[in-house]
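Remarks on the overall topology
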Amino acid sequence: TIVHPSNAFAASAASSSASTEQDLILLKEAYESLTSLVDNWSRATTSCIYADIPRELLESKNKEQLLEKASTFALFDKSTSVTSCRKTNKIVRDYLGV
């Protein structure tokens, strides 16, 4: 069958229009995600999942106490640890798909 050029153009334009509509939707979603990331930058780039052992527990005068706690509490008494926060790029990398 022979397709009239104006019909072929109309079909192509309709397909292109649908594609453009999908592209606009994707761009809007990406923009909203990036805006959310920027608005929440500090929270998104800070991770507070680390536990540090106080330096005084590691001093040689506390060696016996440390060895006892290590054998009893699987490495150390977690109640003596201090939670610390560090900057991370994990969430940013997840946003970017890296």
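Note that residues are indexed from 1 along each chain, following the sequence as it is written. It should be noted that, the model being predicted, local features are given only for residues of pLDDT at least 70 and side-chain atom pairs only at 80 or more, the latter also being counted only at that level, while totals for whole chains, interfaces and linings use all residues. To obtain the side-chain values, all non-hydrogen atoms of the structure were used and water was disregarded.

1. Some points on the pattern of salt bridges
Salt bridge criterion: a side-chain nitrogen from Lys or Arg within 4 Å of a carboxyl oxygen from Asp or Glu. Under the counting rule described, the total for this entry stands at one salt bridge. Between Lys 90 and Asp 94 there is a salt bridge, and its shortest N-O distance comes to 3.1 Å. Pair noted here: Lys 90 and Asp 94 are both in helix H5 (residues 90–96), with a separation of four residues, about one helical turn. With a 1.4 Å probe rolled over the protein chains alone, any residue whose accessible area is under 20% of its type maximum counts as buried; one over 50% counts as exposed, and the rest are partly exposed. Of the residues examined, Asp 94 reaches a relative accessible area of 46% and is grouped as partly exposed. Going along the chain from the N terminus, every DSSP run of H or I of four or more residues is numbered as a helix, and every run of E of two or more is numbered as a strand.

2. Description of the state of the cysteines
Note on terminology: pairs of cysteine sulfur atoms within 2.5 Å are recorded as disulfides. Counting across every chain of the model gives one disulfide. Put simply, Cys 48 and Cys 85 are joined by a disulfide, and their sulfur atoms are 1.9 Å apart. Classification of the bridge connecting Cys 48 and Cys 85 rests on its S-S torsion, roughly 105°, and on that basis the disulfide is right-handed. Residue Cys 48 is located in strand S1 (residues 46–52), and its partner Cys 85 is located in strand S2 (residues 82–87); the two are separated by 37 residues in the primary sequence. Here Cys 48 falls in the partly exposed class, since its relative accessible area comes to 41%.

3. Structural notes on a nonpolar patch on the surface
Two distance rules govern patches: like charges are joined within 9 Å, and nonpolar side chains (Val, Leu, Ile, Met, Phe, Trp, Tyr) within 5 Å, applied only to residues with over 30% relative accessible area and no salt bridge. Values of accessible area rely on a 1.4 Å probe in the Shrake-Rupley scheme; residue burial ignores everything except the protein chains shown. A contiguous nonpolar patch, built from Leu 34, Ile 91, Tyr 95, Leu 96 and Val 98 and spanning about 470 Å² of accessible area, is present on the exposed surface. Looking at which element gives the most residues to the nonpolar patch, the answer is H5, with three residues. Looking at the element boundaries, Tyr 95 is found in helix H5.

4. What about the side chain of Ser 84?
For Ser 84, the location among the structural elements is in strand S2. The contact criterion used throughout is that any non-hydrogen atoms of two residues lie within 4.5 Å. The contact partners of Ser 84, leaving out residues within four places of it in the chain, are Ser 47, Cys 48, Ile 49, Tyr 50 and Asp 52.

5. Quick notes on the confidence of the model for the chain
In this model, the chain carries an average pLDDT of 74, and 64% of its residues clear a pLDDT of 70 or more. The predictor attaches a confidence to each residue, and that confidence, scored 0 to 100, is pLDDT. Element-level pLDDT for the chain is lowest in helix H3 (residues 55–58), with a mean of 68, against a maximum mean of 90 in helix H2 (residues 41–44). Note on residues 1–5: pLDDT under 50 across the span, and one contact to partners over four residues away in sequence or across chains.

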